[in-house]
Structure formats: C-alpha cells, structure tokens
Amino acid sequence: MNIIKVKNDAEVGIEAAKIIINKVNTQHNITLGLATGSTPLSTYKNLIKNYQDKKVSFSDVKTFNLDEYKGLDGNHDQSYRYFMDHNFFNHIDIKKENTKVPSGIDTLHPEKYDELIAQNGGIDLQLLGIGINGHIGFNEPGASFDSLTSVVDLTPLTIEANARFFASKNDVPTQAVSMGLKTIMQAKSILLLAIGENKAEAVSHLVNGQISQEWPCTILQNHPNVTIIIDEAAASKL
Ligand code: GLP
C-alpha cells in the first residue's frame, strides 16, 4: 500500500487530482470509479480547475459511481446522482451518457451494474472515501468479501454520520445500492482518501489491522495497487 501523507483537506485534493489527471492524460478511454461524500469534494474542485485551465479533458472518460441511496431519484438533492452532477459532471466536458450511478429507484437487479462495468472493460482507477466504521462504498461491517453490487442496509452509525446532509435523521434512507467488496477489488487500481480525526481509527485498521469483515476496508490489504492519501489528522493513529 502506497501511503501519501499531507497536511490537510486542500492538499489531499491537490495530490488526488494530480494522480487522476496523470491517468486520464496517459490512458485513452479510461474508466474511473467515483465516490461521493465530503471527502472527495476538494479533489473534484481541483479536477474542475485543471479542466478550466485546459490541463485535462474528460471527453473520452467513462465513470461508474460506487453507490446510491435506495428510494432517492436523481433529482433529489441528497441523491448521489445529484451530488455528482452538481459537484463534478456539470462543470467538465464529460458526456452525460458516460456517467453511471446505480439507480436508487430501479433496484430489482443490482447485479446488472457489475455486468455493465465488465462490458466496459472494468474500472481502471477507483476513487474511495472511508466510513468511520471502515465501510467502503456502503459495505458496512460484516459485508461479505465476495459481494457484488446489491441492496444493503445502513448501520445506525452511518445513518447518523450522514444525517448532517438531510433535514433530519429520519429523512436519511436506511438502505442503499452499493458496489460490493468484490466489485471494488476488481478495479485495476484504487485511490482511497481520508480526511479528519474521526477517520483515524478506520485508517489505522486499513493499514495495520487484521484483515476481517468487521473492518471492510481491510480487504484492500489484499489488492496489489492501492494508494491512500490522508491528512495529518486521519494519519494520527498510524
Ligand atoms: C458515505 C459513502 C462513502 C463515503 C463515506 C464517508 O456513507 N457511502 O462512499 O466514503 O460515507 O463520507 P465522508 O467523506 O462524507 O466522510
């Protein structure tokens, strides 16, 4: 695991954008796996800035997002489709049809998402955040290491952590559609970002913990090409 330690959120965004831009500029027709949450916001900001400065183009890039809340359609301002459009896609030259986010409404055959990823030749670079409890995507503690995209239950801790984006805790969906741990592990390379002290314990498990379903992030120790970019606070328990 390649660990890049930087000072703060702003520097995480700069370093992550550099890695992504390098990939996009050197590999034609690249497929990116993308993440939501507060963590990748500074990365998307930097990618947009580099696009505006004509340092990168996303015109032949394809993307697959990790997850979506079950029950929210793409027009809901807390859906991950809305998040991606407003924080990234609407500001770059990506073709809208090349951006995929799991449907939170049509959830009958979530495994079709894996088929779509495979048809596109797989994910070249998967961007990840991490939950306080070590979840990646929405794969909560106990999730099978063999899981593909499916409908999953959110833990009370995750619902509470994400309540800050909703009017009240009761408005947070209790389920999501998420790429599985196996789906994530099939990506050719992984770039995980973590910011803030509340992620320090999860980061310590990610890097030094025993591999176990109790800390889903530990599965990444088995992946041959993982880079993590963490700020000082997230690195404080290493
Ligand atoms: C959410 C998302 C994850 C994200 C994580 C951390 O629940 N499903 O993909 O990595 O929680 O979010 P944040 O970056 O806001 O701390």
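Starting from 1, residues in each chain are numbered consecutively following that chain's sequence as written. Only residues with pLDDT of 70 or above have their local features reported here, since the model is predicted, and side-chain atom pairs are shown and tallied only from 80 upward, although totals for entire chains, interfaces and linings are computed over all residues.

### Focus: the overall build of the protein
Put simply, DSSP marks the helices as runs of H or I at least four residues long and the strands as runs of E at least two long, and each gets a number from the N terminus on. Along its length, the protein carries seven helices and 10 strands. Within these notes, the globule rule equals 2.2 Å times the number of residues to the 0.38 power, and the radius of gyration is based on C-alpha atoms. Against the globule reference of 18 Å for 238 residues, the protein gives a C-alpha radius of gyration of 16 Å, in line with a compact fold. Oriented by its inertia axes, the alpha-carbon framework of the protein measures out at about 40 × 40 × 35 Å. Distance between backbone-placed C-beta atoms decides contact: two residues are in contact if it is within 7 Å. A fraction of 79% describes how many contacts in the protein between residues 6 or more apart in sequence connect residues 24 or more apart.

### Re the pairing of strand β9 (residues 189-194)
Our exposure labels follow a C-beta count within 10 Å of each residue's own C-beta, placed from the backbone: buried means 20 or more other C-beta atoms, exposed means 12 or fewer, and partly exposed covers the counts in between. Counting buried positions along β9 yields five of six residues, so the element is predominantly enclosed. The criterion for strand pairing is that DSSP finds at least two bridges linking the strands in question. Bridge count for strand β6 (residues 125-128) against β9 is four bridges, and the pairing is parallel. Paired with L125 across the two strands is S189, which belongs to β9. Sheet topology places β9 next to strand β10 (residues 226-231); five bridges connect them, and they run parallel. The partner of L191 across the bridge, within β10, is T227.

### Points about the sheet that holds strand β7 (residues 150-153)
Strand order in the open sheet made by the three strands is β4-β8-β7, with antiparallel pairing throughout. Either end of the sheet is taken by a strand with one partner, and the two such strands are β4 (67-69) and β7. Along the sheet, successive strands turn relative to each other by an average axial angle of 30°, direction set aside. The sheet contact formed by β7 and strand β8 (residues 175-178) spans four bridges and is antiparallel. Among the inter-strand pairings, V151 is bridged to a residue of β8, identified as V177. Inter-axis angles, ranging from 0 to 180 degrees, are taken between N-to-C directions of lines fitted to C-alpha atoms, where helices are fitted over the stretch in contact.

### Describing the UniProt feature "domain: Glucosamine/galactosamine-6-phosphate isomerase" (unreviewed entry) in the protein
UniProt positions are given in the numbering used here, feature names are shortened, and annotations may be inferred rather than shown by experiment. Within this numbering scheme, the UniProt entry marks residues 17-223 as carrying the feature "domain: Glucosamine/galactosamine-6-phosphate isomerase" (unreviewed entry). Here residues 17-223 runs as 29% helix and 15% strand, with 22 Å between its end C-alpha atoms.

### Considering the site of the ligand
A residue counts as near a molecule or strand when its C-beta atom, positioned from the backbone, falls within 6 Å of it. Close to the ligand lie 14 residues; G37, S38, T39, G129 and G131 are nearest. Residue classes in the shell around the ligand are distributed as four nonpolar, nine polar and one charged. The classification used treats Ala, Val, Leu, Ile, Met, Phe, Trp, Tyr, Cys and Pro as nonpolar, Asp, Glu, Lys and Arg as charged, and all other residues, Gly among them, as polar.

### Let's talk about the nonpolar core
Membership of the largest hydrophobic core comes to 60 residues, with the highest contact counts inside it found for I130, L192 and A194. Not counting residues up to four positions away in its chain, the partners in contact with I130 are I136, L192, A194, K199, A202, L206 and C217. Nonpolar cores are built from buried Ala, Val, Leu, Ile, Met, Phe, Trp, Tyr and Cys residues. These are joined into a set through C-beta atoms within 7 Å.

### Re the packing of helix α1 (residues 9-26) against helix α2 (residues 41-52)
Any two packed helices are characterised by how steeply their axes cross, that is the angle between the axes, and by the distance between the axes. Between α1 and α2, the least distance of the axes is 7 Å, while the angle of their chain directions is 55°. Put simply, α1 runs oblique to α2. Judged by the twist between their axes, the crossing of α1 over α2 is right-handed. Contacts between α1 and α2 involve D9, A10, V12, G13, I14, A16, A17, I20 and I21 on the former and, on the latter, S42, T43, K45, N46, L47 and N50. Oblique is the label for any angle not covered by the other classes, which are roughly parallel (under 35 degrees), roughly antiparallel (over 145) and roughly perpendicular (65 to 115). Whether a crossing is left-handed or right-handed is set by the direction in which the near helix is turned from the far one by less than a right angle, anticlockwise for left-handed and clockwise for right-handed.

### Things to note about the UniProt feature "active site" (unreviewed entry) in the protein
Mapped onto the present numbering, the UniProt feature "active site" (unreviewed entry) falls on D67, N133, H135 and E140. When you line up the elements, N133 lands in the loop between β6 and β7. Classification of N133 as partly exposed rests on a count of 18 C-beta atoms within 10 Å. Not counting the four nearest positions on each side in its chain, N133 is found in contact with E140, P141, T155, L157 and A202. Of note, E140 is situated in the loop between β6 and β7. Since 21 C-beta atoms lie within 10 Å of it, E140 is described here as buried. Setting aside residues no more than four positions away along its own chain, E140 makes contact with N133, H135, V152, L154, T155, T158 and P216.

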